[in-house]
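# A look at the structure
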Amino acid sequence: MKPGHTGLTHLVHSTHYSWKGLKAAFRNEAAFRQEVGITVVMLPFAWWIGEGPVSWLLLVGSLFLVLIVELLNSAIENVVDRIGTEHHELSGRAKDIGSAAVMLSLIMAGLTWGLLGWEKFFS
């Protein structure tokens, strides 16, 4: 933390950097834009499918989890690309692991929506 940036000043600066990061991800990452679009479309359905606050939170949380993991994956990819674009085993492994994390978050979201949707419509 920079000297003098404590309390409210720190919060203001942190919020600014967070918005800057979200805008950069949306502008530069096609996968993030697609996942934001899916989230915007699916959010109203969470109110319909969710039978209570916990199921609603699971539905919405699974969508936000995908976005969070995608942001982290994009950050990893950017750092790796900043280091160098030539192929290196560790760089490839870092990108593959980040991609696997996104895939697992998508599977988790799909399972959450599938199971709660099944419970709502077929139980």
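Source: prediction; values computed, not measured.

Further remarks concern the pattern of salt bridges. All told, the structure shown has three salt bridges when counted by the stated rule. A salt bridge links E51 to K120; the shortest N-O distance between them is 3.2 Å. Here E51, found in the loop between α2 (30-49) and α3 (53-83), pairs with K120, found in helix α4 (residues 89-122); they are 69 residues apart in sequence, far enough to count as distant. As a salt-bridge pair, D81 and K95 come within 2.5 Å of each other at their nearest N and O atoms.

This part is about the nonpolar core. A46, I49, L59, V60, L63, W113 and L116 form the largest nonpolar core, which has seven residues in total. Of all elements in the fold, only α2, α3 and α4 reach the threshold of two or more residues within this core. Take this core: its biggest share by element is three residues, from α3. Apart from the residues within four sequence positions on either side, L59 is in contact with A46, I49, G50, T112, W113 and L116.

The geometry of two aromatic rings is summed up by the distance between their centres and the angle between their planes. By the definition in use, this model includes four aromatic pairs. Ring geometry for W118 against F122: centres 4.5 Å apart, planes inclined by 40°, an arrangement best described as tilted. Within this pair, W118 and its partner F122 are both found in helix α4, separated by four residues, close to a single helical turn. With respect to class, W118 is no different from F122; both count as exposed. Aromatic ring contacts, followed pair by pair, group F45, W48 and F121 into a single cluster.

About the criteria used
- Every residue gets a number counted from 1 within its own chain, in the order that chain's sequence is written.
- Local features in this predicted model are restricted to residues whose pLDDT is 70 or higher, and side-chain atom pairs enter the listing and the counts only when it is 80 or higher, whereas totals over whole chains, interfaces and linings include all residues.
- Values shown for side chains rest on all heavy atoms present in the structure; no hydrogens or waters enter the calculation.
- Any Lys or Arg side-chain nitrogen found within 4 Å of a carboxyl oxygen on Asp or Glu counts as a salt bridge.
- Per the convention used, a helix needs a DSSP run of H or I reaching at least four residues, while a strand needs a run of E reaching at least two, with both numbered from the N terminus.
- To qualify as a nonpolar core, a set must consist of buried Ala, Val, Leu, Ile, Met, Phe, Trp, Tyr and Cys residues joined through side-chain atoms within 4.5 Å.
- For every residue, the accessible area (1.4 Å probe, protein chains only) is compared with the maximum for its type, and the residue is labelled buried under 20%, exposed over 50%, or partly exposed between those bounds.
- In what follows, residue pairs with any heavy atoms lying within 4.5 Å of each other are defined as contacts.
- Paired rings are identified among Phe, Tyr and Trp, the last through its six-membered ring, by centres lying within 6.5 Å, and are further divided according to the angle between planes into stacked (under 30 degrees), edge-to-face (over 60) and tilted (the rest).

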